Amino acid sequence: MIDIGANLSNPTFEHDLADVLQRAKDAKLQGIIVTGTSVESSLAALALAEQQPNFLYATAGVHPHDADSYNDNIETQLIAMLDKPNIVAVGETGLDFNRNFSTPDNQRQAFEAQIALANRYQKPLFLHERDAFKDFYAIMAANKKEQTQAVVHCFTGSETALKAYLDLGLYIGITGWISDKKRGVNLREIIKYAPLDRLMIETDAPYLTPQQAGLKSQLSKKNRNEPWTLPYTAATLAECLGVETTMLIEKTTENTNNFFNLVS
Ligand SMILES: [Zn+2]
């Protein structure tokens, strides 16, 4: 079982990361892809991946929230990272019109620039889309031909969006959002439209703690999600799909290894 998105370079993990990683291993995780959301956090993710090769991997990219800061200098620093084998994807990039921490124009530009990087360096894309289906779809559709593989991480969108992304050949990342009683209703209902060979699982730690009863009280730090909770998301997803959890884990792990080219 592999967590395709954990923000382990977040300061909240600074003091006890070794324990966090041990708990993940105890929960049978075989790998964690550490999300980069800026040059700084991508460098930090890379450093972690280099300390624990074959268990930690990293992405390098600029999150839509930080798109206002995207420029040639940032891009040069990203390019320097994309040569490293421990960087397994370009991202997190995409569009987030929910909060618009960066202007939509800058988000579109930074997104397109990073798609170009992924194509040039032949790395898959780790993507974020929130309340931006139309523009996000248009940009991905326009790049369909030369595009490397891409996963829409933490998918929380509509049935229309899900089907459109699948038609484009995109992969879908599922977080603990799926077990959220209220916010997860729609996702639990529609995820059956995604074939097993397009699904991957992730925690998005320290965010999005799964909502199973009793789980929250087991967290070592209040309200901080950890990779060890990934089996809970696997179980909920398996239930929604009507398949055995072991089979779901086997299949999503295989998808992840192939997608990110993890097995050398
Ligand atoms: Zn995200």
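Criteria and cut-off values
Residues numbered from 1 in each chain as written. Predicted model: local features only at pLDDT ≥ 70, side-chain atom pairs only at ≥ 80, totals over all residues. Heavy atoms only, no water. Helix = DSSP H or I, 4+ residues; strand = E, 2+ residues; numbered from the N terminus. Rg over C-alpha atoms; globule rule 2.2 N^0.38 Å. Areas by Shrake-Rupley, 256 points an atom, 1.4 Å probe, with all protein chains shown as cover. Lys, Arg positive; Asp, Glu negative; His and termini not counted. Charge placed at Lys NZ, Arg CZ, Asp CG, Glu CD. Axes fitted to C-alpha atoms, helices over the stretch in contact; angles between N-to-C directions. Parallel < 35°, antiparallel > 145°, perpendicular 65-115°, else oblique. Left-handed = near helix turned anticlockwise from the far one by under 90°. Contact = heavy atoms within 4.5 Å. Buried < 20%, exposed > 50% of the residue type's maximum accessible area, 1.4 Å probe, protein only. Pairing = 2+ DSSP bridges. Right-handed = clockwise from strand over helix to strand, strands pointing away. Salt bridge = Lys/Arg side-chain N within 4 Å of Asp/Glu carboxyl O. Phe/Tyr/Trp six-rings, centres within 6.5 Å; stacked < 30°, edge-to-face > 60°.

K.L.:
Even after reading the chapter, I still don't get the overall build of the chain, so can you show me in this structure?
P.N.:
Counting its secondary structure elements, the chain contains nine helices and eight strands. The C-alpha radius of gyration of the chain comes to 17 Å, within 12% of the 18 Å expected for a compact globule of 264 residues. Counting only C-alpha atoms and orienting by the principal axes, one finds that the chain spans roughly 45 × 40 × 35 Å. For the chain, the computed accessible surface area is about 11,500 Å², with 48% contributed by carbon and sulfur atoms. Once the 24 positive and 32 negative side-chain charges of the chain are each reduced to a mean point, those two points are 5 Å apart.

K.L.:
Where do I start with the packing of helix H4 (residues 104–121) against helix H5 (residues 133–142) in this structure?
P.N.:
Each pair of packed helices can be summarised by the angle the axes make with each other and by the distance between the axes. Where H4 meets H5, the closest approach of the two axes is 11 Å, and the angle between their N-to-C directions is 30°. Here H5 runs roughly parallel to H4, going by the angle between their axes. In the packing of H4 onto H5, the handedness of the crossing is right-handed. Every residue of H5 that contacts H4 at Arg108, Phe111, Glu112 and Ile115 is listed here: Asp135, Phe136, Ile139 and Met140.

K.L.:
Explain the side chain of Thr203 to me, please; I cannot follow it from the model alone.
P.N.:
When you line up the elements, Thr203 lands in the loop between strand E8 (199–201) and helix H8 (230–241). When sequence neighbours within four positions are dropped, the list of residues in contact with Thr203 reads Asp3, Gly5, Ala6, Thr175, Leu208, Asn225, Glu226, Pro227, Thr229 and Leu230.

K.L.:
Explain the pairing of strand E2 (residues 31–34) here, please?
P.N.:
For a regular strand, side chains alternate in direction, first toward one face of the sheet and then toward the other. Because side chains alternate across E2, one face comprises the buried residues Gly31 and Ile33, and the other comprises Ile32 and Val34, equally buried. Pairing between strand E1 (residues 2–6) and E2: three bridges, direction parallel. Following the sheet pairing, Ala6 is matched in E2 by Val34. On the question of chirality, the crossover connecting E1 to the parallel E2 by way of helix H1 (residues 17–26) is right-handed. Running through helix H2 (residues 39–51), the crossover from E2 to the neighbouring parallel element strand E3 (residues 56–60) is right-handed.

K.L.:
It is not clear to me how the pattern of salt bridges should be interpreted in this structure. Could you clarify?
P.N.:
Pairing is possible between side chains of opposite charge, provided their charged atoms come close. Under the definition given, this model contains ten salt bridges. The partner of Glu226 in a salt bridge is Arg23, and the shortest N-O contact between them spans 2.9 Å. A residue pair is termed long-range when its members are at least 10 positions apart, and Glu226 in the loop between E8 and H8 and Arg23 in helix H1 qualify at 203 residues. On the basis of relative accessibility, which here comes to 26%, the residue Arg23 falls in the partly exposed class. For Lys251, the salt bridge is made with Glu254, and the minimal N-O distance between the two is 3.5 Å. Of this pair, Lys251 and Glu254 both sit in helix H9 (residues 245–259), three residues apart, roughly one helical turn. What makes Lys251 partly exposed here is its relative accessible area of 23%. Overlapping salt bridges bring together Asp16, Arg23, Arg224 and Glu226 as one network.

K.L.:
Is there a simple way to think about the packing of aromatic side chains in this case?
P.N.:
Within a pair of aromatic rings, the relevant descriptors are the distance that separates the centres and the angle that separates the planes. Considering all chains together, one arrives at eight aromatic pairs under this definition. Each ring, one from Trp228 and one from Tyr232, has its centre 6.3 Å from the other, and the planes form 75°; the classification is edge-to-face. Aromatic pair Phe259 and Phe260: ring centres 4.6 Å apart, planes at 70°, arrangement edge-to-face. Each member of the pair Phe259 and Phe260 is classed as buried. Through pairs of rings, three or more aromatic residues link up here, namely Phe111, Phe133, Phe136, Tyr137, Phe155 and Tyr165.

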